[in-house]
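# Analysis of the macromolecular model
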Amino acid sequence: MSTPLADAPVLPTSTSDPFGLDVLADPLPFQEELREAGPVVYLETYGIYGMARYDEVHAALTDWQSFQSGAGVGLSNFRYEKPWRPPSLLLEADPPHHDAPRAVLSKVLSPRSIRRLRDGWMADAVELVDQVLANGTEFDAVPALAQAFPLRVFPDAVGLRQEGRENLLPYGNHTFNAFGPHNSLVAAGDARVGELSAWVAEQCERENLADTGFGADIWAAADRGDITHDQPPRIVRSLLTAGVDTTVNGLAAVLYAFATHPEQWQRVREDISLARTAFDEAVRWESPVQTFFRTATRDVEIGGVTIPDGEKIVMFLGAANRDPRRWDRPDEFDLSRDPSGHVGYGMGIHQCVGQHIARLESEALLTALATRVESIELTAPPRRHLNNTLRSWESLPVRMQLAAG
Ligand code: 4MI
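Residues numbered from 1 in each chain as written. Predicted model: local features only at pLDDT ≥ 70, side-chain atom pairs only at ≥ 80, totals over all residues. Heavy atoms only, no water.

### Remarks on the layout of surface pockets
This is how the line gets drawn: Any residue with an atom within 4 Å of a point lines the site, the site being either a cavity, points on a 1 Å grid over the protein atoms alone where a 1.4 Å probe fits but cannot get out, or a pocket, an open set with protein on both sides within 12 Å along at least 5 of 7 lines. Grid points are joined across faces, edges and corners, and a volume is the space filled by probe spheres set on the points. Helix and strand definitions follow DSSP, with helices as H or I runs of at least four residues and strands as E runs of at least two, each counted in order from the N terminus.
Size it by volume and the largest pocket reaches roughly 300 Å³. Taken as a whole, the second largest pocket holds about 250 Å³ of empty space. As for the second largest pocket, its lining consists of 17 residues, of which Gln147, Asp245, His385, Ser392 and Trp393 are closest to the centre. Looking at the lining of the second largest pocket, the elements with two or more residues in it are helix 8 (141–158), helix 9 (168–178), helix 14 (245–260) and strand 12 (391–395). The element best represented in the lining of the second largest pocket is helix 14, accounting for four residues.

See below:
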């Protein structure tokens, strides 16, 4: 008989920096190291805990009682530090405060409410793709498609005025950096944060939003009494923060996947109903949102180790989405698999409320491309854009071969 002490599981530690520029540029080896180290790993660089295996990440995301969001979903612990902006009423809130804003936004962005956007977005995608291809079949797919399409349809759907829309991507980029440590990426954005935040806050006011659209719908919910009248600006802010960079990188991911898996592109061309699977598989495979944090609300035991009350835990969504314990051949982009259950949109009460919007955008763009483009190939190595949270792209140089007819 061994003593209980000899059997007590030890907490594995890692000295790697998850937000080091080398790790952000190529996160897969680090993610494997973490998954193999154990169900919970102590990250010495920041004095926080991390989870990288699918089962534990999934379990923690669905246990909001033990793992709160209200102390922030980035490295900063709102119990001890003042947030850089007023906390999101959705992302950085727990029940019961979370519930009314969530219910409102859930309805505004529901599959049923966004059905009215479908035909227009399909036509917009055709127009954009025809425009791009008429200009030449070799281009950078990041600005030309992955950025252009969301920027073309989403701000209009919110009801945003034209002026200043160029601020959306820089604001998103900075916000997603700000979930991480104050490294060089955040420092580089500090100079413009005041100006960008002021512009965003201004667009969230009722008089600056169109009479129809998601923005107006959110304000109307306050008139009905579903939320209080001081809440709409920050709920609109959530749309402006979460609605652009995420879909841009999701679209870039699926385009990259097809450029590197020509046989999968042929399958979509033969069966366009695979476009939806393709986007979800790309979200699993690339995980545009790589990490989010939670804070323990009590001493939580996982796999024999205890995460003390008040401690931060970083969930490696991208690592969970490639955990071989959960997925066969996880590193392969494969339309034969069922990617549902991936945690790229999170899981549980905070699961991405905008996912139907993201899917509709991708369906429109992929459908327009599938009828016009025979094959997609890279003409130069793609370049990453480094961000503390997003798996992002600087450029994706492609050649598209036009389909006959
Ligand atoms: C999943 S990305 C994201 C979601 C929500 C917000 C920001 C980013 C927010 O501000 O509510």
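From this point on, the discussion continues.
### Brief notes about helix 8
The condition that has to hold: Multiplying 1.5 Å by the helix residue count minus one yields the expected span of that helix. Relative accessibility decides the category of a residue: with a 1.4 Å probe and only protein chains considered, values under 20% of the type maximum give buried, values over 50% give exposed, and everything between is partly exposed. Here a polar contact is recorded for every N or O atom pair within 3.5 Å, except that within protein the pair must consist of a potential hydrogen donor and a potential acceptor, and residues adjacent in sequence are included only if both atoms are side-chain atoms.
Its 18 residues place the ends of helix 8 25 Å apart at the C-alpha level, agreeing with the 26 Å of an ideal helix rising 1.5 Å per residue. Among the residues of helix 8, Ala141, Val142, Ala144, Leu145, Ala146, Phe149, Pro150, Val153, Phe154, Pro155, Ala157 and Val158 are the ones counted as buried. Of the residues flanking the start of helix 8, the one acting as N-cap is Asp140, its side-chain oxygen 3.0 Å from the backbone nitrogen of Val142.

### Details of the site of the ligand
Quick reminder of the rule: Consider each residue's heavy atoms; a residue with any of them within 4 Å of a molecule or strand counts as near. Values of accessible area rely on a 1.4 Å probe in the Shrake-Rupley scheme; residue burial ignores everything except the protein chains shown. Think of it this way: if more than half of a molecule's atoms are within 2 Å of a pocket's grid points, that molecule is in the pocket or cavity.
Every residue close to the ligand is listed here: Arg85, Ser88, Leu91, Phe176, Ser238, Thr241, Ala242 and Phe292. Arg85 places a polar side-chain atom, nitrogen or oxygen, 2.8 Å from an oxygen atom of the ligand. Side-chain polar atom of Ser88 to an oxygen atom of the ligand: 2.6 Å apart, as the coordinates give it. For the ligand, the accessible surface in isolation is 320 Å², of which the surrounding protein chains cover 86%. According to the grid-proximity analysis, the pocket containing the ligand is the largest cavity.

### Details of helix 15 (residues 262–270)
Basically, it comes down to this: As used here, the arc is the angular range of directions from the helix axis to the C-beta atoms. The contact definition used throughout considers only heavy atoms, calling two residues in contact when any of these lie within 4.5 Å.
Considered for burial, the residues of helix 15 that qualify are Gln264, Trp265 and Val268. All buried residues of helix 15 project into a common sector of 105° when viewed along the axis, lining one side. Buried-residue contacts for helix 15 involve helix 14, helix 16 (274–286), helix 18 (355–372) and strand 10 (373–378).

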